[in-house]
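# Remarks on the overall topology
Chain residues, written in single-letter form:
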Amino acid sequence: MTKTENSGSLGRRHSLWLRKPAFVAMACGGIFSFAHAASDISGTLIRTCSNQLNGSIYGDAVLNDFRNSRFPSPKTGGFKITSVQQIWLALPSYCLIKGTIQPTSPGGIDPAVKAPDYRIPDINYQIYIPSQWNGKFVQLGGGGFAWSSDVVAAGQQSNQQFSPSIQGSALSNYAVVLSDAGAGESSKAFDPQFVRPGRQLGDVPKQEAVKNFGQDSIKKSLDVGVYLVKKLTGIAPSDTYFVGISTGGRQALKAIANWPDAYDGVVAGAPPVDETNLLKTLEVPAVVNDWVVNWNSGAAMLTSLFGGDVSEQTLSDGLGATSRHLANVAIESGANYDGYSSLLDELAPVWNVKPGDLANFFNAASNQKKAGKKGKKIIIYQGTSDFLVPCTQAGGFVSKLTQKATADEVNNSVRAYFIENYSHGFYNTNSLLNRLGLSPLQLNWNAVSDLDKWVHDDNAPAGAPSLARNASGGIPTDQALSAWGCLASH
């Protein structure tokens, strides 16, 4: 018998990010356009979302239909389903699938790792399929060096950030996939055990787990997600988007850089596009106050709600653990005294994203429009007060993007918002005091809805997050970016 959640309290908890009252749509004058209309597939899910799928094992070959000959997907070692749930006490009700994606190396033994007892970790994934489905698919990115593979909790966070109540839930009617990139639960986020000493320093970026974290898990998870959504609904998604902040923002840009034909658009928040250089140069402020997140070695979010100071030690512990671990990897791989920087240089092509990497996405977007089809769009947003991923990362990226691409490509395909007093996923205290009603994470902006509308209508008006310095989303001038502290001085 299919496992059905029937606890009232559990249903209410799960429905926090799923709720989309019909009266809100009517009151907002049709804010949910035809492009967002959802179909009732509950009858189908009753039949297909079954415990009979538990334990199902699939070979990599079933994913061949989702591979592009020009931009091929990385191979998997197959995947399996470990849990299937029908959640009825939610609005809308939904099917939740959990499972793992296996490594390609036989037995999980990576030839690029020295340790004989090391095994490549599986990629954990979860897939959410709502009974009221708009036919579209969202891949959520992770934060830190991973994200707990709980798609419902991640959806709650995304909904809180992107979607105020008057606009309805951001993701409730989308099918959603989330994976942990093979790095483990969020408690491991600043203990990157996916990196192991190689026989040589150059072996480390060849490790399957390192490539999974840097890029490969993105497409592996997408392929598995689309396959299972089609299997359970009988319909392939009409649109595919990637939405993420921090590491998730980097993943969003990496997704379209590596697999431009697979995505119709992305929302990339505070992306550490030059992550290896960030790890080299990150300066932790002496004191971080109030509504600013800091990460401890367990990657827990700590917030000083009442104005208490957060010590430099508390903030640096987690990042320091990452640096110490990577330094040890370099030393154990036979590096000399500058091995840490050398290791990060080796990892850069796997982890980082450069503006020029998006050229194929722009080409695909242009060709698609010439064929009279829908667009391909990029939305980037960044806080000007980000203490963890400096605003200069996004500022420098979009500034160079205008040099790498033509003006038409940028204007037609990219919106970039720079948000005053916004830190790494949280407003700071000054914003909260001066603008009552704003809460942590809340941008008062449905970015997913804006992206979807823009993909299908080049002339769709730009929404904007609260306190955006450039509400149009147009790429700011270098002069403006410099004034906002979002462009490094040269």
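These remarks concern the structure in this document. (Residues numbered from 1 in each chain as written. Predicted model: local features only at pLDDT ≥ 70, side-chain atom pairs only at ≥ 80, totals over all residues. Heavy atoms only, no water.)

A few words now on the nonpolar core. Within the largest apolar cluster, 60 residues are counted, with the highest numbers of intra-cluster contacts made by Leu228 and Ile378. Looking at this core element by element, the count peaks at eight residues for helix α5 (residues 208–233). Those residues in contact with Ile378 that sit more than four places away from it in its chain are Leu253, Ile256, Val266, Leu358, Phe361, Phe362, Ser413, Val414, Arg415 and Trp454. (Core = buried A, V, L, I, M, F, W, Y, C linked by side-chain atoms within 4.5 Å. Buried < 20%, exposed > 50% of the residue type's maximum accessible area, 1.4 Å probe, protein only. Helix = DSSP H or I, 4+ residues; strand = E, 2+ residues; numbered from the N terminus. Contact = heavy atoms within 4.5 Å.)

Glancing now at the state of the cysteines. All told, the structure shown has two disulfides when counted by the stated rule. Two residues share a disulfide in this structure: Cys49 and Cys95, whose sulfurs sit 2.2 Å from each other. Handedness here is read from the sign of the S-S torsion; for Cys49 and Cys95, about 85°, the answer is right-handed. Taken together, the positions of Cys49 in the loop between α3 (42–48) and β3 (57–58) and Cys95 in strand β5 (residues 94–101) put the pair 46 residues apart, joining distant regions of the chain. Residue Cys49 shares its accessibility class with Cys95, and that shared class is buried. Between Cys391 and Cys486 runs a disulfide, and the two sulfur atoms are separated by 1.8 Å. When the S-S torsion is 85°, as for the bridge of Cys391 with Cys486, the disulfide is right-handed. Of this pair, Cys391 sits in helix α11 (residues 391–404) while Cys486 sits in the segment after α15 (478–483), and the two are 95 residues apart along the sequence. The class of Cys486 is buried, set by a relative accessible area of 0%. (Disulfide = S-S within 2.5 Å.)

Once that is clear, we can look at the packing of aromatic side chains. Throughout the structure, instances matching the rule amount to ten aromatic pairs. A centroid spacing of 5.6 Å and a plane angle of 70° characterise the contact between Tyr58 and Tyr227, whose relative ring orientation is edge-to-face. Placement of the pair is Tyr58 in strand β3 and Tyr227 in helix α5, with a sequence separation of 169 residues. When sorted by exposure, Tyr58 lands in the same class as Tyr227, which is buried. Centre to centre, the rings of Tyr417 and Trp445 are 5.4 Å apart; their planes meet at 70°, and the pair counts as edge-to-face. Highlighted residues: Tyr417 in strand β17 (residues 414–419) and Trp445 in the loop between α13 (429–434) and α14 (447–456), separated in sequence by 28 residues. Through a chain of ring-to-ring contacts, three or more aromatic side chains come together here, namely Tyr58, Phe66, Phe79 and Tyr227. When the ring centre of Phe213 is taken as reference, the NZ or CZ atom of Arg250 above it lies at 5.2 Å. In this structure, Arg415 is placed above the aromatic ring of Trp454, and the distance from its NZ or CZ to the ring centre is 3.9 Å. (Phe/Tyr/Trp six-rings, centres within 6.5 Å; stacked < 30°, edge-to-face > 60°. Lys NZ or Arg CZ within 6 Å of the ring centre and 35° of its normal.)

This brings us to the side chain of Arg415. With respect to the helices, strands and loops of the structure, Arg415 is situated in strand β17. Although Arg415 is buried, it forms no salt bridge, and the closest oppositely charged side chain is Asp450 at an N-O distance of 5.6 Å. Non-local contacts of Arg415, meaning those with residues more than four positions away in its chain, are made with Ile378, Ile379, Ile380, Trp454, Ala460, Pro461, Ala462, Ser472 and Gly473. (Lys, Arg positive; Asp, Glu negative; His and termini not counted. Salt bridge = Lys/Arg side-chain N within 4 Å of Asp/Glu carboxyl O.)

On to the pairing of strand β11 (residues 265–269). With five of five residues buried, β11 is to be regarded as a mostly interior element. Of the two faces of β11, both are covered, the one formed by Gly265, Val267 and Gly269 as well as the one formed by Val266 and Ala268. Bridge count for strand β10 (residues 239–245) against β11 is five bridges, and the pairing is parallel. In the sheet register, Tyr241 faces β11, and the bridge partner there is Gly265. Between the parallel pair β10 and β11, the chain is carried across by helix α6 (residues 247–258), and the sense of this crossover is right-handed. Where β11 meets strand β16 (residues 377–383), five bridges bridge the pair, whose relative direction is parallel. Within β16, the position partnered with Val266 by the bridge is Ile378. (Pairing = 2+ DSSP bridges. Right-handed = clockwise from strand over helix to strand, strands pointing away.)

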